[in-house]
Amino acid sequence: ERRLERRLIAEFEETVDALLAELTPANVAQATAIVKLYLEIRGYGPVKEQAAAKVRDQIRAALADFCTAPRAAA
């Protein structure tokens, strides 16, 4: 369980770095929604592992949309 938590911290930091690289005033709400997905990872043992897997899939999809969305001029 501790290994999962350490991996989640690293993944969170990578996600934030990716979001900051593409952040504009127009997509701040979308970036905030992606970061908030991590708050859905709760529980212990297998429950937490299932929640992490579900959230990881959601974050991957949301990041793909975020990074491919056209950038608005800042």
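Criteria and thresholds
Residues numbered from 1 in each chain as written. Predicted model: local features only at pLDDT ≥ 70, side-chain atom pairs only at ≥ 80, totals over all residues. Heavy atoms only, no water. Helix = DSSP H or I, 4+ residues; strand = E, 2+ residues; numbered from the N terminus. Areas by Shrake-Rupley, 256 points an atom, 1.4 Å probe, with all protein chains shown as cover. Lys, Arg positive; Asp, Glu negative; His and termini not counted. Charge placed at Lys NZ, Arg CZ, Asp CG, Glu CD. Core = buried A, V, L, I, M, F, W, Y, C linked by side-chain atoms within 4.5 Å. Buried < 20%, exposed > 50% of the residue type's maximum accessible area, 1.4 Å probe, protein only. Contact = heavy atoms within 4.5 Å.

Undergrad: An account of the overall build of the protein chain is requested, with residue identities and associated values reported.
TA: Helix and strand counts for the protein chain stand at 3 helices and 0 strands. Counting from the amino terminus, the protein chain carries its helices and strands in the arrangement α-α-α. Projecting the C-alpha coordinates of the protein chain onto the three principal axes gives extents of approximately 45 × 15 × 15 Å. In the form shown here, the protein chain has an accessible surface area of approximately 5,300 Å², with 57% of it arising from carbon and sulfur atoms. For the protein chain, the separation between the mean place of its 11 positive charges and that of its 11 negative charges on side chains is 5 Å.

Undergrad: An account of the nonpolar core is needed here, citing residue identities and associated values.
TA: Among the nonpolar cores identified, the biggest contains 14 residues, and Leu-19, Ile-34, Ile-41 and Ile-59 are the most heavily contacted of them. Only helix H1 (2-22), helix H2 (28-36) and helix H3 (46-68) provide two or more residues apiece to this core. Ranked by the residues each element gives to this core, the list is headed by H3, at 6 residues. For Ile-41, the contacting residues outside a window of four places in its chain are Leu-8, Lys-48, Ala-51, Ala-52 and Val-55.

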